[in-house]
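Listed below are the residues making up each chain.
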Amino acid sequence: MSEPTTDLRVSVPEETWLESLADEPDTELVVWDPREADQPDGHLDLVVWPYDLGGGNAFTRLDVSRIGLVQLQSLGYDGVADAIGEGGRVANAVGVHEESTAELAVALTLAALRDLPSHVRQQEHGEWRKAFTSSLIDRRVMLLGHGGIGTQVAARLDGFGCELVRVASRARDEDGVYVHGTDELDALLPTVDVVVAAVPYSAATHHLVDARFLAALPDGALVVNVARGKVADTDAILAEAGRLRFASDVWDPEPLPAGHPLWSAPGVLVSPHVGGMTSAMRPRIVRVVRGQLARLRAGDEPADVVVG
């Protein structure tokens, strides 16, 4: 708890934010994109970090002694603590991307199962060819991760006629449903047709989807990754491409360089990490920033601090 304040100084990454926050009382707005200019002089109570700018060198250039809080526009924050250094304080964007990412997870699942990419290719050549495809109906779908994104995926799959198998780091009953623990994966994987990975990235989930994981899946199974690229082992994916199918929004490496074998691997559908990039994003991140400003004015702790 700190002293309430009426005057706040806030940096935003682009001019379009000025209109979004124009009615915030007693707030000085400064446009600052860390890619294009040095940190402004003086203290900044809140820095709204550019959405498409990761940690790395950009964070190491910050003088955190003159910044109260860095508000990420992303949900993920892996690597930020090491990059920003001691004294930095960072919040992630809870409640901004979960629904849109879940929406894309379902879209990727349906696109891969119903083989929509082949229809796009046929349209380009004016070809009319019919074929039977897989469906979500009567399939067993593993939700690997039962946090914000995983629960939103579950909500969106309700009504598709599939059976959901929920898995998280530990077994538990949650909101009236049973969630398996990851220690049960060996027994569960051979029984499912689709895996949707939506776990947070950490040392425990690095390469969770590895050669052993994939080998346990039945022929023709689909793996959808909307977590982080390094949750899955790229070499293992390439080794299983063709026997298994993959439709993912995140990859290792990112961005995929031209000529990378994943571009042309059989049964692989590549989405370029756009899960949260929808019309729903700006209104939600603006609400997050407004909430943080209200807390700062009241002298309350900011929400969803992940570093510091």
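Residues numbered from 1 in each chain as written. Predicted model: local features only at pLDDT ≥ 70, side-chain atom pairs only at ≥ 80, totals over all residues. Heavy atoms only, no water.

*Asks:* Any chance you could explain the pairing of strand β12 (residues 245–248) here in plain terms?
*Replies:* As a general feature of sheets, a regular strand has side chains that alternate between the two faces. In the sheet, strand β11 (residues 222–225) pairs with β12 via four bridges, with the strands oriented parallel. Bridged to L222 within β12 is R245. For the segment spanning β11, helix α9 (residues 234–240) and β12, crossover handedness is right-handed. As paired elements, β12 and strand β13 (residues 268–270) share three bridges and run parallel to each other. When the bridges of β13 are listed, A247 appears paired with L269. (Pairing = 2+ DSSP bridges. Helix = DSSP H or I, 4+ residues; strand = E, 2+ residues; numbered from the N terminus. Right-handed = clockwise from strand over helix to strand, strands pointing away.)

*Asks:* Honestly, helix α4 (residues 98–113) in this entry has me stumped. Any pointers?
*Replies:* Since one α-helical turn is 3.6 residues long, residues separated by three or four positions face the same way. With 16 residues, α4 extends 22 Å between its outermost C-alpha atoms, agreeing within 8% with the 22 Å of an ideal straight helix rising 1.5 Å per residue. For α4, the tally of buried residues reaches twelve of 16 residues, placing the bulk of the element in the interior. The set of residues buried in α4 consists of E98, S100, T101, A102, L104, A105, V106, L108, T109, A111, A112 and L113. The elements touched by buried residues of α4 are α5 (116–124), α6 (148–157), β10 (194–197), β11, β12 and β13. Following α4 by one or two positions, D115 has its phi on the positive side, about 55°. (Expected span 1.5 Å × (residues − 1). Buried < 20%, exposed > 50% of the residue type's maximum accessible area, 1.4 Å probe, protein only. Contact = heavy atoms within 4.5 Å.)

*Asks:* Would you mind showing me how to read the sheet that holds β11 here?
*Replies:* Adjacent strands of a sheet form backbone hydrogen bonds with each other and so pair up, either parallel or antiparallel. Pairing in this open sheet of eight strands is mixed, and the strands run β8-β9-β7-β6-β10-β11-β12-β13 from one edge to the other. This sheet does not close on itself; its edge strands, each paired only once, are β8 (172–174) and β13. Taken pair by pair, the neighbouring strands of this sheet meet at an average axis angle of 25°, ignoring direction. With two bridges connecting them, strand β7 (residues 163–168) and strand β9 (residues 177–181) associate as parallel partners. Looking at the pairing, A168 lines up with G181 of β9. (Axes fitted to C-alpha atoms, helices over the stretch in contact; angles between N-to-C directions.)

*Asks:* Would you explain the nonpolar core in this entry?
*Replies:* Burial of nonpolar side chains together is a common tendency in soluble globular proteins. Formed by 31 residues in total, the largest nonpolar core has its most connected members in M142, L144, L185, V195, F213, L214 and L217. Setting aside chain neighbours within four positions, we find M142 in contact with V165, V167, L185, L188, L189, V192, V194, V195 and V196. Listed in part, the 22 residues of the second largest apolar core include A105, C162, L222 and V224. (Core = buried A, V, L, I, M, F, W, Y, C linked by side-chain atoms within 4.5 Å.)

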